[in-house]
Amino acid sequence: MSVWDDVVGQAAAVDVLRAATLSPEAMTHAWLITGPPGSGRSNAARAFAAALQCEAGGCGHCQACTTSLAGTHADVTVVATEKVTISIEEVRDLIGLAQRTPSQGRWRVIVLEDADRMVERTSNVLLKAIEEPPPRTVWLLCAPSPQDVVVTIRSRCRGVALRIPPVADVVALLVSRDGVDPEVADVAARAAQSHIGLARRLARDPQARERRARTLNLAATIRGVGDAVLAAGDLVEVATAESKAATEDRDAAEKAALLHTLGAEGGQTLPPSLRAQVRQLEDEQKRRATRAQRDVLDRSLTDLLSFYRDVLVVQLGADVALVNAAQEADVRRVAAEGRAEQTIRRMDAIGEARTRLAGNVAPLLAMEAMAVALRPQG
């Protein structure tokens, strides 16, 4: 057992990171770990953090390894934002933390899982800290690609690129780590297109599999503009309900805890000085809900892309396996009804919808424009 066991299908990247833990010449103060969604960027960063703290380079069972992986090591800080962007205040707090010497470990490690969610002004604040780091501080930034981080920061980091792991490796991880039935694990890994987090969710949650099947069914049922508008509304409604369910209880608990701290339980009227703290919490919760809704919609759009990928595979007669084998009948029917050029236009429309969502376009408008483009056109 070692800390690298959960970093599946990334032998080349693991070799680079492992070498840095064993050789001072291979070590540097700032790293940029990139890879497509689901490639395991966060797992790789956490494993690297644990290996840096471990005297044996990542044995996986000592206190330094177990606490680092569990997120309880005093000198390992992991930041994963649940909002649309990382605020400049959060980065300033991290910069202050980076100046402190390690309290018990070999390094002070700061893992920024969503480095692509910093606006340029925030990135510029972080830049100086990366340019002039204390001797025992290491920054581990994670992003989908180097281009998602401003050039001034990525030029000062050593890059490690991850790839999409093979389906067989994801299946093996689900079976060994989560005890998932091999057949269920195989279906989940293919449906998630080797996205480790989504594959685990699909394998363990029947409701997630049901929601995915419902999304894919939209592609086969849209016949006209009316169907498209209804389908778009359904996508947004499901995303809103799912994101609300994921955040509602937590929001209520956070607000109750804050009111208890302020001594304002039982519906007491708050003075203006304290009311601002409640408003700040509510604003943060709204941003978190917006991020959650976008994430659910983006997953749905990724599922639709996989459906039309299968349609294109059938239309071109390519000798590759379908991602959505359970929907093969619908895939072949849609493939027979259209041409490859139309399928590519549909995939472009889905990609444009993802871009619009990232650009803050109203979700319903983005979904309606996409759904109308998915209808059969002669």
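On a predicted model such as this, the values are computed, not experimentally measured, just so you know.

Draft legend 1. Seen up close, the side chain of His 73. As for its position among the elements, His 73 is in the loop between α3 (63–70) and β2 (76–79). A distance of 2.9 Å separates a polar atom in the side chain of His 73 from the backbone nitrogen of Asp 75. The residues contacting His 73, other than those within four sequence positions of it, are Gln 53, Ala 64, Thr 67, Ser 68, Gln 104 and Gly 105.

Draft legend 2. Highlighting the sheet that holds strand β1 (residues 30–34). Spatial strand order, β2-β3-β4-β1-β5: 5 strands in an open sheet with parallel pairing. At either end of the open sheet lies a strand with only one pairing partner, and these are β2 and β5 (158–161). Between one strand axis and the next, the sheet turns by 15° as a mean value, whatever way the strands run. Direction of pairing for β1 relative to β5: parallel, over a ladder of 4 bridges. Bridging across to β5, Ile 33 finds its partner in Val 160. In the packing of helix α2 (residues 41–53) onto the sheet, contacts are made with β1, β2, β3 (108–112) and β4 (137–143), and the angle to β4 comes to roughly 165°. Seen against the sheet, helix α4 (residues 88–98) touches β2, β3 and β4 and runs at an angle of roughly 160° to β3.

Draft legend 3. Examining the state of the cysteines more closely. On inspection of all chains with the given rule, the structure shows 0 disulfides. Considering cysteine sulfurs only, Cys 65 is the nearest to Cys 54, which forms no disulfide, with 3.6 Å between them. In this model Cys 142 remains outside any disulfide bridge; the closest cysteine sulfur is found in Cys 157, 11 Å from its own.

Draft legend 4. Region of interest: unusual backbone geometry. The phi dihedral of Ser 194 falls on the positive side, at around 70°, and the residue is not glycine. Its place among the elements puts Ser 194 in the loop between α8 (182–191) and α9 (196–204). Positioned with a positive phi, Asn 360 is a non-glycine residue whose angle comes to about 75°. Relative to the elements of secondary structure, Asn 360 occurs in the loop between α14 (340–358) and α15 (363–374).

Draft legend 5. Structural detail: helix α5 (residues 120–131). A rise of 1.5 Å per residue sets the reference length of α5, with its 12 residues, at 16 Å; its end C-alpha atoms lie 16 Å apart and thus fit the reference within 8%. Residues of α5 that are buried: Thr 122, Ser 123, Leu 126, Leu 127, Ala 129 and Ile 130.

About the cut-offs
Residues numbered from 1 in each chain as written. Predicted model: local features only at pLDDT ≥ 70, side-chain atom pairs only at ≥ 80, totals over all residues. Heavy atoms only, no water. Helix = DSSP H or I, 4+ residues; strand = E, 2+ residues; numbered from the N terminus. Polar contact = N/O pair within 3.5 Å; in protein donor to acceptor, adjacent residues only side chain to side chain. Contact = heavy atoms within 4.5 Å. Pairing = 2+ DSSP bridges. Axes fitted to C-alpha atoms, helices over the stretch in contact; angles between N-to-C directions. Disulfide = S-S within 2.5 Å. Expected span 1.5 Å × (residues − 1). Buried < 20%, exposed > 50% of the residue type's maximum accessible area, 1.4 Å probe, protein only.

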